[in-house]
Number of protein chains: 2
Amino acid sequence: MRAVIFLLYFYSVYASDIDEYFDKRYKILKSESRLSLGGNVSLSDKEAAVNICLMHYKFKEVDYWFDNPRYFNCSRHYFNYKQYIKTSKVFRIIQDMPKGAALHVHDMGLLGPDYLMNITYQDNLYVCFDNNLHLIFANAPPKSPCDGKWQLMSKARSFSNNVTKFDADLRNHFTLFVKNPDTVYPSIRETWRAFMKFFFTVQPMLSYRPVWEQYFYDALKKFREDNIMYLEVRSILPNLYELDGTVYDPIVTAKTYKKVIKNFTKVHRDFFGAKLIYAPPRKVDRSKLEEYLELAKRIKQEMPDTFAGFDLVGQEDLGSPLIEFVPQLLESRKELNYFFHAGETDWYGTLTDENLVDAVLLGAKRLGHAYALPKHPQVLNEIIKKDIGLEVNVISNAVLSLVRDIRNHPLSAFLAHGLPVVLSSDDPGVWEADPLSEDFYIAFVAVASRLSDLRLLKQLAINSLKYSALDSISKDDALRKFNYKWNEFIDNFNCSKYQH
Amino acid sequence: MRAVIFLLYFYSVYASDIDEYFDKRYKILKSESRLSLGGNVSLSDKEAAVNICLMHYKFKEVDYWFDNPRYFNCSRHYFNYKQYIKTSKVFRIIQDMPKGAALHVHDMGLLGPDYLMNITYQDNLYVCFDNNLHLIFANAPPKSPCDGKWQLMSKARSFSNNVTKFDADLRNHFTLFVKNPDTVYPSIRETWRAFMKFFFTVQPMLSYRPVWEQYFYDALKKFREDNIMYLEVRSILPNLYELDGTVYDPIVTAKTYKKVIKNFTKVHRDFFGAKLIYAPPRKVDRSKLEEYLELAKRIKQEMPDTFAGFDLVGQEDLGSPLIEFVPQLLESRKELNYFFHAGETDWYGTLTDENLVDAVLLGAKRLGHAYALPKHPQVLNEIIKKDIGLEVNVISNAVLSLVRDIRNHPLSAFLAHGLPVVLSSDDPGVWEADPLSEDFYIAFVAVASRLSDLRLLKQLAINSLKYSALDSISKDDALRKFNYKWNEFIDNFNCSKYQH
């Protein structure tokens, strides 16, 4: 950065004019800083010391990029630079920092390909290869349609002659990661096709009941290890099944969440818990939506503490816009809290784009993505008035073809205007990201202001609890527990730990 | 686009609730539409008919892209799709449409490589090749430093054995266009290096006085042919020279503008004219800036009608930020109007980024680019309060590495919020774009709302005169003449002309 020294006495302009100028300038920047997210947080002496360490490393990174833009990774595809993130000292500090909650994550996108590969080593998994990869747990060869031959995975693997290659090929089905993303994903269509194919592939394997339960348990573990204390998970609630072919009602899937959360929090007392948002696919007709809503209400009735609300998922451009379901959604809004995906699009002035209007009018408690918000000043007013949380997922938006150079992500404007942002990670497993730390890191060093500091990070963590679906007593409790963790982090912080 | 039909009677929610909902929804969208740029323009019956034709073709293009995102060109580098623009019917309508003024263009970036190639066929041009290409007009071999040998271009060309190849190689020096932009321009540093090299190469050739005069005359001609009626051109005012080595003061360069404008408007009575913004390089120290300001004042005194004001040019990240010159610029602001480049950067929270604050506090009449504005809510307030024009150059920002997918350009938000935008083209010759039609086209089909129509285009054209440096009487006159041209365009509009 460049130093500026003023040799005022050289100039005939009145010193008072110059004073007035710099006074005004200071006020504008000060008021922008105050308005920005975290701008009203005041740091204790200990926090200020941590901040000095954090900002020392942040300035080093950002200023190096400013001086050497060719090495600024975040202007490229995430897959081209993800391996370098781990070397960042800022990233390591963020990993250690309590980050509160992850409020926008999806059931089968929580864990990465290595975890999924381990599942393929379990007994009773059948595999069939045709144009797709089919995976089902069963105690006899499945009858599900497949143009190839169903065989036990263990046999297929040992017959492959080359287990390393077999597993490497298999692993490719469990991730969007490729080395040449610009070629493989030329547009949002190809990206989403691969993304949907991922879910299509893993769902039959993951919805084997014991695997489903273990997967979610292990996901909570992984998120907790990334210093996250609470989750709100969106699930399509697939029908779980047993080896003998028994298939359960989706309500069983919902109950599984409740059970796993209970088991997990019993063992990990510092983990605050999780809630479920029922979020089935949006590309349906109205009668299907009616079924969804009925199920949501049943779940709410059966497990009011675990159930948070309702959403619809899938590529917004291709699915039904919310306007198609207004009468039903209006009717159900007294019973259900909404957490709609809205405005996850670059197409300004389309029905997808207008989902933002409907989501807000339907009383959504938070919005998923809200990427298109800068184009909707009236929706913005409503969001501010109603204090609606914005669930921003920067890596997801980059991977799913909304934006290349992450500095163009609207989050920078959201932060500048102090909007109620919560950072989340959408489907970190699908792009092999950490549960939340990488999203925090990229937002902090590449989207937020160079000058944004620990106060922003703390506010983002606090927001993730403030805008959660917890009732007010639980929220206070969660915030108290967060503060405890936060102070522990601050008290034990040792800058020299990050030196090497 | 998807049709939506409401079968309200199926639902038990009160019809009045639904009415109320759609009433609110309509009001939000209506008020967003009103707030957006052009939202208050009302169209005559004839204009409405033109609009139907325009929007028929716009919807066809945009909806095709929505359905086939792989063929949406504007998510790629401009160089990868520029050749397809000419086939668009919307583009051809925009070409024919009076567009008002171009308020942000640079002296040596007005005309493209083919024009520059023609200059190299003139007599008395000497050339020397070393790591760079050196070009000087003279009546004897120049003594300017060059590691190669100075020879007449005509001789070099005829000795080359292959004139086609010689000219093709030469032409590459006169354009940023390449077939593989992602490889050649990996970051803003390489792009700007090539961009600066372009000016370094052409300046000695173009500043031969007769060539300089002819270049600007021909530029006015080309802009007029693109249905532009007025220009404000930023010039670094290089020292012009004669064949015998006579070198002139920059004030002569300024006078040349005045002379050419006079000659041109005499022949082309429908062309309203042009003004000069003196815009020397920003990477200087304070004493050099003092010289600049003195020169600006002298020019203003000598030709107050032609002189519009002062600016500084060059890559903002690398040049001096405005804050370094506050005392001098404060002192001169009573005498000079400012049209500062500000916020042409992706680096949020840097001194470059803060140029926006200084530009506004120094009383700039318009801002060049203001790309970083969404991150500055207080600056935004000042801009609205003081009605400061924003000179947006979408193709420039894409080519010069600020944004890839043009839908992420902040112009979409500027338009949505009805900010005082004027569209311009910066250096269209350098990237082989049309004078202004391509910038209008891309802004209209790829940045603005799908629903934005002729009212936006008309408002943009009107803004280009409204925010010009013309005095109020001339402005009224210009607007009157624009309206005449506009009505002529509307009256003579024939949709079938664009059918094939």
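Small disclaimer: the values here were computed from a predicted structure and weren't measured.

Analysis parameters
Residues numbered from 1 in each chain as written. Chains lettered and ligands numbered in written order. Predicted model: local features only at pLDDT ≥ 70, side-chain atom pairs only at ≥ 80, totals over all residues. Heavy atoms only, no water. Helix = DSSP H or I, 4+ residues; strand = E, 2+ residues; numbered from the N terminus. Rg over C-alpha atoms; globule rule 2.2 N^0.38 Å. Contact = heavy atoms within 4.5 Å. Areas by Shrake-Rupley, 256 points an atom, 1.4 Å probe, with all protein chains shown as cover. Lys, Arg positive; Asp, Glu negative; His and termini not counted. Charge placed at Lys NZ, Arg CZ, Asp CG, Glu CD. Pairing = 2+ DSSP bridges. Axes fitted to C-alpha atoms, helices over the stretch in contact; angles between N-to-C directions. Salt bridge = Lys/Arg side-chain N within 4 Å of Asp/Glu carboxyl O. Buried < 20%, exposed > 50% of the residue type's maximum accessible area, 1.4 Å probe, protein only. Domains from an automatic or database assignment. Buried area = accessible area lost by both parts, 1.4 Å probe. UniProt positions renumbered as here; feature names shortened; annotations may be inferred. Arc of directions from axis to C-beta. Polar contact = N/O pair within 3.5 Å; in protein donor to acceptor, adjacent residues only side chain to side chain. Left-handed = near helix turned anticlockwise from the far one by under 90°. Nonpolar A, V, L, I, M, F, W, Y, C, P; charged D, E, K, R; others polar. Disulfide = S-S within 2.5 Å.

(A) Highlighting the overall build of chain A. Along the backbone of chain A there are 20 helices and 11 strands. Expected size for 500 residues packed as a compact globule is a radius of gyration near 23 Å; at 24 Å, chain A falls within 12% of this value. With the principal axes as the frame, chain A shows a C-alpha extent of 90 × 55 × 45 Å. Here the analysis covers contacts within chain A between residues at least 6 apart in sequence; of these, 76% occur between residues at least 24 apart. In the structure as shown, chain A presents an accessible area of about 19,500 Å², 51% of it carried by carbon and sulfur atoms. Charge-centre separation for chain A: the mean point of 63 positive side chains lies 3 Å from the mean point of 62 negative side chains.

(B) Representation of the sheet that holds strand β2 (residues 125-129) of chain B within the structure. All names here are of chain B. An order of β3-β2-β4 is seen for the 3 strands of this open sheet, with the pairing classed as antiparallel. If you trace the sheet from one side to the other, it starts and ends with β3 (133-137) and β4 (151-152), each paired once. Of the pairings in the sheet, the one linking β2 to β3 comprises 5 bridges and is antiparallel in character. Pairing of phenylalanine 129 across the sheet is with leucine 133, part of β3. Each of β2 and β3 is contacted by helix α9 (residues 188-206), which is oriented at about 15 degrees to β3, the strand it contacts most.

(C) Up close: the pattern of salt bridges. All names here are of chain A. Applying the stated criterion to the full structure yields 74 salt bridges over all chains. For lysine 24, the salt bridge identified is with glutamate 20, shortest N-O distance 3.7 Å. Placement of the pair is lysine 24 and glutamate 20 together in helix α1 (residues 15-35), with a separation of 4 residues, close to one helical turn. Under the relative-accessibility criterion, lysine 24 is labelled partly exposed at 44%. Residues participating in the shared-partner salt-bridge network are Glu232, Arg234, Asp311, Arg366 and Glu391.

(D) Geometry of the sheet that holds strand β2 (residues 125-129) of chain A. Taken in spatial order, the 3 strands line up as β3-β2-β4 (chain A) in an open sheet, and their pairing is antiparallel. Each end of this open sheet is capped by a strand with a single partner; those strands are β3 (133-137) and β4 (151-152) of chain A.

(E) Highlighting unusual backbone geometry. Positive phi is not limited to glycine here, since histidine 369 of chain A has a value of about 80 degrees. As for its position among the elements, histidine 369 of chain A is in strand β9 (residues 366-369). The phi dihedral of asparagine 124 of chain B falls on the positive side, at around 70 degrees, and the residue is not glycine. Residue classification places asparagine 124 of chain B among the partly exposed positions, given a relative accessible area of 31%.

(F) A look at the domain arrangement of chain A. All names here are of chain A. Domain boundaries in chain A define domain 1 (89-110 + 216-488) and domain 2 (115-174). Placing a centre on the C-alpha atoms of domain 1 and another on those of domain 2 gives a separation of 32 Å. Carbon and sulfur atoms make up 44% of the surface buried where domain 1 meets domain 2, a total of about 580 Å² over both sides. Remark: the boundary between domain 1 and domain 2 carries 1 salt bridge. Residue arginine 171 pairs with glutamate 432 through a salt bridge whose shortest N-O separation is 3.0 Å.

(G) Highlighting the UniProt feature "domain: Adenosine deaminase" (unreviewed entry) in chain A. UniProt annotation of "domain: Adenosine deaminase" (unreviewed entry) refers to residues 190-476 of chain A when read in the numbering used here. Taken end to end, residues 190-476 of chain A is 48% helix and 10% strand, and its first and last C-alpha atoms sit 44 Å apart.

(H) Quick peek at the environment of phenylalanine 339 of chain B. Residue and element names in this part refer to chain B. With respect to the element layout, phenylalanine 339 can be found in the loop between α13 (326-332) and β8 (341-342). In the structure, phenylalanine 339 is positioned 185 residues away from serine 154 in sequence and 41 Å away in space, judged by C-alpha atoms. Not counting the four nearest positions on each side in its chain, phenylalanine 339 is found in contact with Arg234, Ile277, Ala308, Gly309, Phe310, Asp311, Lys365, Arg366 and Ala469.

(I) Inspection of helix α4 (residues 89-96) of chain A at higher detail. All names here are of chain A. Here α4 has its buried residues at Val90, Phe91, Ile93 and Ile94. When α4 is viewed along its axis, its buried side chains cluster within an angular range of 160 degrees and face the same direction. Turning to α4, the residues buried within the fold contact α2 (45-67), α3 (78-85), α18 (437-447), α19 (454-466) and α20 (472-492). In this structure serine 88 caps α4, since a side-chain oxygen of it lies 3.1 Å from the backbone nitrogen of valine 90.

(J) Layout of the packing of α2 of chain A against α18 of chain A. All names here are of chain A. α18 packs onto α2 with a crossing angle of 65 degrees between their chain directions and a minimal axis gap of 10 Å. Along this stretch, α2 crosses α18, giving a crossing that reads as right-handed. Packed against α2, whose contacting residues are Leu54, Met55, Lys58, Glu61, Val62 and Trp65, the element α18 presents Tyr441, Phe444 and Val445 at the interface. Taken together, the residues of the contact of α2 with α18 sort by class into 7 nonpolar, no polar and 2 charged.

(K) Spatial organisation of the state of the cysteines. Residue and element names in this part refer to chain B. One pass over the full model with this rule turns up 4 disulfides over all chains. For cysteine 53, the disulfide goes to cysteine 495, at an S-S distance of 2.0 Å. Note on the cysteine 53 and cysteine 495 pair: the S-S dihedral is about 85 degrees, so by sign convention the disulfide is right-handed. Placement of the pair is cysteine 53 in helix α2 (residues 45-67) and cysteine 495 in the segment after α20 (472-492), with a sequence separation of 442 residues. Given the relative accessible area of 4%, cysteine 53 is considered buried. Residue cysteine 495 is classed as partly exposed on the basis of its relative accessible area of 30%. Shown here is the disulfide that connects cysteine 128 with cysteine 146, its sulfur atoms set 1.8 Å apart. Judged by the sign of its S-S torsion, about -80 degrees, the cystine formed by cysteine 128 and cysteine 146 is left-handed. Here cysteine 146 lies in the loop between β3 and β4 and cysteine 128 lies in strand β2, a separation of 18 residues in the sequence. On the accessibility criterion, cysteine 146 (17% relative accessible area) is buried. Each disulfide of chain A joins two cysteines, and with those cysteines numbered along the sequence the arrangement is 1-4, 2-3.

(L) Up close: the interface of chain A and chain B. With 85 residues of chain A at the contact, the number on the chain B side is 85 residues. Summed over the shared surface of chain A and chain B, the number is 8 salt bridges. Here aspartate 358 of chain B and arginine 25 of chain A are joined by a salt bridge, their closest N and O atoms 2.7 Å apart. At the junction of chain A with chain B, the criterion picks out 26 residue pairs in polar contact (both at pLDDT 80 or more). When grouped by side-chain class, the residues that make up the side of chain A that touches chain B number 46 nonpolar, 14 polar and 25 charged.

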